[in-house]
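Results of the structural survey
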Amino acid sequence: MIKITAKPIDIQKVIDTASSLGAGAVNVFIGTVRNTAHGKKVLWLEYEAYEAMAVAEIRKIIDQASNRWPLLGWAISHRIGTLKPGEVSVAIAVSAPHRRDSFEACQFIIDTLKEKAPIWKKEIFEDGEEWVSAQPNMAKVYN
Amino acid sequence: MKCMVKAFGITREIAGAKEVVVELPEGSTVSDFKTELFSQFPRLSALTSLFIAVNQAYAEDHQVLKPEDEIALIPPVAGG
């Protein structure tokens, strides 16, 4: 299951979809909205996705993970729209016969998703807003 | 040819629309497209990176564009 959704993520459904009777481990990553960024209070985040391509890219990531680790099941749900601090932005679950493979695969999937999936977020502060990783002036500060 | 281009995130705000039109000669590549795009929207060239997606996949600079291609601007991503 790969889902891009404007509704709150059903974490249990993600876990159930990934689960398998042959698994000795189900590894779950839950990404949440942090309440601060650059030392400032975050009021909320605006997420947007190029949905068709995001699904296609996540599918490629799953294929790569399946080639590297003996996965028995997997599921990913990514939220879009307006999210407040504490809300779940992404949930990833993978099952495997043994825990080490499940940990490694889950980490690979979230790390690669953050690099490749066409999903964006804008932080809204009390005194302004900023596209995460993409603000031209901030990029100069970090480079 | 007339390319309809989807713009997301900061590129959507810079372009001021979810979709923009870029006119290109037949046989143009992704690299030619970016040159034309930057002349139309100079602020886009200030981004740390800008990938172009063709038919919902990351495209290489030398890829030749066809009129029916689905083209999209992919500024630095920040999922998760």
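Below or above, wherever it landed, is the structure these notes cover. (Residues numbered from 1 in each chain as written. Chains lettered and ligands numbered in written order. Predicted model: local features only at pLDDT ≥ 70, side-chain atom pairs only at ≥ 80, totals over all residues. Heavy atoms only, no water.)

One finds Phe 33 and Leu 73 of chain B to be the most contacted residues of the largest nonpolar core, which totals 33 residues. If one sorts the elements of this core by residue count, strand E5 (residues 71-74) of chain B sits on top with four residues. Core analysis: the next-biggest nonpolar cluster, separate from the first, contains 30 residues, Ile 4, Ile 58, Leu 71 and Phe 108 of chain A among them. (Core = buried A, V, L, I, M, F, W, Y, C linked by side-chain atoms within 4.5 Å. Buried < 20%, exposed > 50% of the residue type's maximum accessible area, 1.4 Å probe, protein only. Helix = DSSP H or I, 4+ residues; strand = E, 2+ residues; numbered from the N terminus.)

All names here are of chain A. If you walk across this open sheet you meet the four strands as E1-E5-E7-E2, and the pairing is mixed. Strand pairing shows two members of the sheet lacking a second neighbour, strand E1 (2-5) and strand E2 (25-32), which therefore form its edges. Averaged over all pairs of adjacent strands, the angle between their axes in this sheet comes to 10°, without regard to strand direction. Alignment of E1 against strand E5 (residues 73-79), held across four bridges, turns out to be parallel. Directly across from Thr 5, in E5, lies its bridge partner Arg 79. Lying on the sheet, helix H1 (residues 11-18) is in contact with E1, E2, E5 and strand E7 (88-96); it crosses E7 at an angle near 20°. The strands touched by helix H3 (residues 99-116) are E2, E5 and E7; relative to E7, the strand with the most contacts, the crossing angle is about 145°. (Pairing = 2+ DSSP bridges. Axes fitted to C-alpha atoms, helices over the stretch in contact; angles between N-to-C directions. Contact = heavy atoms within 4.5 Å.)

For the structure on display, the rule yields four aromatic pairs over all chains. Relative to Phe 8 of chain B, the ring of Trp 120 of chain A has its centre 5.2 Å away and its plane inclined at 10°; by these criteria the two rings are stacked. On the criterion of chain membership, the pair formed by Trp 120 of chain A in strand E8 (residues 119-125) and Phe 8 of chain B in the loop between strand E1 (2-7) and helix H1 (9-15) is interchain, its members lying in two chains. Across the pair, exposure class does not vary: Trp 120 of chain A and Phe 8 of chain B are buried alike. Among the aromatic residues, those joined into a cluster by ring pairs are Tyr 50 and Trp 120 of chain A together with Phe 8 of chain B. The ring of Phe 125 of chain A has Lys 40 of chain A sitting right over it, with the charged end atom 4.3 Å from the ring centre. (Phe/Tyr/Trp six-rings, centres within 6.5 Å; stacked < 30°, edge-to-face > 60°. Lys NZ or Arg CZ within 6 Å of the ring centre and 35° of its normal.)

Next up on the list: the environment of Lys 7 of chain A. Here Lys 7 of chain A shows up in the loop between E1 and H1. In the structure, Lys 7 of chain A is positioned 41 residues away from Glu 48 of chain A in sequence and 13 Å away in space, judged by C-alpha atoms.

One non-glycine residue, Ser 133 of chain A, adopts positive backbone phi at about 70°. Its location among the elements puts Ser 133 of chain A in the loop between strand E9 (128-131) and helix H4 (136-142). For Ser 133 of chain A, a relative accessible area of 47% puts it in the partly exposed group. Backbone geometry places Asn 55 of chain B, a non-glycine residue, at a positive phi of 50°. Looking at where Asn 55 of chain B falls in the secondary structure, it is placed in the loop between strand E3 (51-54) and strand E4 (57-58).

Mapped onto the elements, Glu 48 of chain A comes out in strand E4 (residues 40-49). Looking at Glu 48 of chain A, its side chain comes within polar contact range of the main-chain nitrogen of Gly 9 of chain B, at 2.8 Å. Of note is the side chain of Glu 48 of chain A, whose polar atom sits 2.3 Å from the side chain of Arg 12 of chain B. Residues in contact with Glu 48 of chain A, not counting those within four places in the same chain, are Ile 80, Pro 118, Ile 119, Trp 120 and Trp 131 of chain A together with Phe 8, Gly 9 and Arg 12 of chain B. (Polar contact = N/O pair within 3.5 Å; in protein donor to acceptor, adjacent residues only side chain to side chain.)

Turning our eyes to something else, we now look at the interface of chain A and chain B. Listed by partner, the interface residues are 32 residues for chain A and 23 residues for chain B. When residues of chain A are sorted by the area they lose upon contact with chain B, Tyr 50, Met 53 and Trp 120 of chain A head the list and together hold 30% of the total. Applying the counting criterion to the chain A and chain B interface returns two salt bridges. Between Glu 48 of chain A and Arg 12 of chain B there is a salt bridge, with its nearest N and O atoms 2.3 Å apart. Linking chain A with chain B are 15 residue pairs in polar contact (both at pLDDT 80 or more). If you list the elements that add at least two residues to the side of chain A that touches chain B, you get E4, helix H2 (51-68), E7, H3, E8, E9 and H4 of chain A. A breakdown of the residues in the side of chain A that touches chain B according to their chemical character gives 18 nonpolar, five polar and nine charged. (Buried area = accessible area lost by both parts, 1.4 Å probe. Salt bridge = Lys/Arg side-chain N within 4 Å of Asp/Glu carboxyl O. Nonpolar A, V, L, I, M, F, W, Y, C, P; charged D, E, K, R; others polar.)

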